[in-house]
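Residues per chain, in single letters:
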Amino acid sequence: VQLQACGGGLVQAGGSLRLSCASSVRLSNINNMGWYRQAPGKQRELVAIITSGGSTLYADSVKGRFTMSRDNAENMIDLQMNSLKPDDTAVYYCKAQERFSGLIYWGQGTEVTVSS
């Protein structure tokens, strides 16, 4: 499984960005998919998860601002990020767990910078 993330960039506080992550395999072969982020000098942390059934879970820090979606037809997941804050500055990674093997795969990361 290969994951290709894109959509990062520089935005002012209060702005929006939409991240996308394309999978090289059909999402029907993927269980949970997630977005994680790693800020400079900090550990990687969970941002949001979406299950194969479409249920979502968000970190408290992004609830109400970020929305994760899953497009099984396009084999992609998206993360709509609104009301961005400087604390959201990080490299964002998508993650997938293959359904049958249970193996975990990571995308290459896309950088988000929010200026104050």
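Values in this document were obtained by computation on a predicted structure and should not be read as measured data. (Residues numbered from 1 in each chain as written. Predicted model: local features only at pLDDT ≥ 70, side-chain atom pairs only at ≥ 80, totals over all residues. Heavy atoms only, no water.)

Student: Kindly report on the environment of methionine 68, identifying the contributing residues and their values.
Tutor: Summarising the element assignment, methionine 68 is placed in strand 7 (residues 66-71). Spatially, the C-alpha atoms of methionine 68 and leucine 57 are 8.8 Å apart, while their sequence positions differ by 11 residues. Those residues within four positions of methionine 68 in sequence are excluded, and the remaining contacts are Met33, Gly34, Trp35, Ala48, Ile49, Ile50, Thr56, Tyr58, Ile77, Asp78 and Leu79. (Helix = DSSP H or I, 4+ residues; strand = E, 2+ residues; numbered from the N terminus. Contact = heavy atoms within 4.5 Å.)

Student: Tell me what's going on with the packing of aromatic side chains, and back it up with residues and numbers.
Tutor: A ring pair, where both rings are aromatic, is described by two values, the distance of the centres and the angle of the planes. Considering all chains together, one arrives at 2 aromatic pairs under this definition. Arranged with centres 6.5 Å apart and planes meeting at 85 degrees, the rings of tyrosine 93 and tryptophan 106 form a pair that is edge-to-face. Of this pair, tyrosine 93 sits in strand 9 (residues 90-98) while tryptophan 106 sits in strand 10 (residues 104-106), placing them 13 residues apart in sequence. Three or more aromatic residues joined by ring pairs form one cluster here, namely Tyr36, Tyr93 and Trp106. (Phe/Tyr/Trp six-rings, centres within 6.5 Å; stacked < 30°, edge-to-face > 60°.)

Student: Tell me what's going on with the pairing of strand 11 (residues 110-115), and back it up with residues and numbers.
Tutor: The alternating pattern of strand 11 places Thr110, Val112 and Val114 on a buried face, while none of Glu111, Thr113 and Ser115, on the opposite face, is buried. Where strand 9 meets strand 11, 3 bridges bridge the pair, whose relative direction is antiparallel. Across the sheet, residue valine 91 finds its bridge partner in strand 11, namely glutamate 111. (Buried < 20%, exposed > 50% of the residue type's maximum accessible area, 1.4 Å probe, protein only. Pairing = 2+ DSSP bridges.)

Student: Kindly report on the nonpolar core, identifying the contributing residues and their values.
Tutor: Formed by 29 residues in total, the largest nonpolar core has its most connected members in Met33, Trp35, Met68, Ile77, Leu79, Met81 and Tyr92. Secondary-structure elements contributing two or more residues to this core are strand 1 (3-6), strand 3 (17-23), strand 4 (30-38), strand 5 (45-50), strand 7, strand 8 (76-81), strand 9 and strand 11. Element by element, the count of residues in this core is highest for strand 9, at 4 residues. In this view, leucine 79 contacts Leu17, Arg18, Leu19, Trp35, Val47, Ala48, Phe66, Thr67, Met68 and Tyr92; residues no more than four positions away in its chain are not counted. (Core = buried A, V, L, I, M, F, W, Y, C linked by side-chain atoms within 4.5 Å.)

Student: Account for the side chain of serine 20, naming residues and giving values.
Tutor: Along the chain, serine 20 falls in strand 3. At 2.7 Å, the side chain of serine 20 and the side chain of aspartate 78 are in polar contact. Once residues lying within four places of it in the same chain are set aside, the contact partners of serine 20 are Gln4, Ala5, Cys6, Trp35, Met76, Ile77 and Asp78. (Polar contact = N/O pair within 3.5 Å; in protein donor to acceptor, adjacent residues only side chain to side chain.)

Student: An account of the pattern of salt bridges is requested, with residue identities and associated values reported.
Tutor: All chains considered together, the criterion is met by 5 salt bridges. Notably, a salt bridge pairs arginine 37 with glutamate 45, separated by 2.7 Å at the nearest N-O pair. A residue is classified by how much of its surface remains accessible, and arginine 37, at 6% relative accessible area, is buried. Its salt-bridge partner being aspartate 88, residue arginine 65 comes within 2.7 Å of it at the nearest N-O pair. In this pair, arginine 65 is assigned in the loop between strand 6 (56-58) and strand 7 and aspartate 88 in the loop between strand 8 and strand 9, connecting sequence segments 23 residues apart. Taken individually, arginine 65 and aspartate 88 each receive the classification buried, so the pair is uniform in this respect. Connected through shared salt-bridge partners, Arg37, Glu45, Arg65 and Asp88 make up one network. (Salt bridge = Lys/Arg side-chain N within 4 Å of Asp/Glu carboxyl O.)

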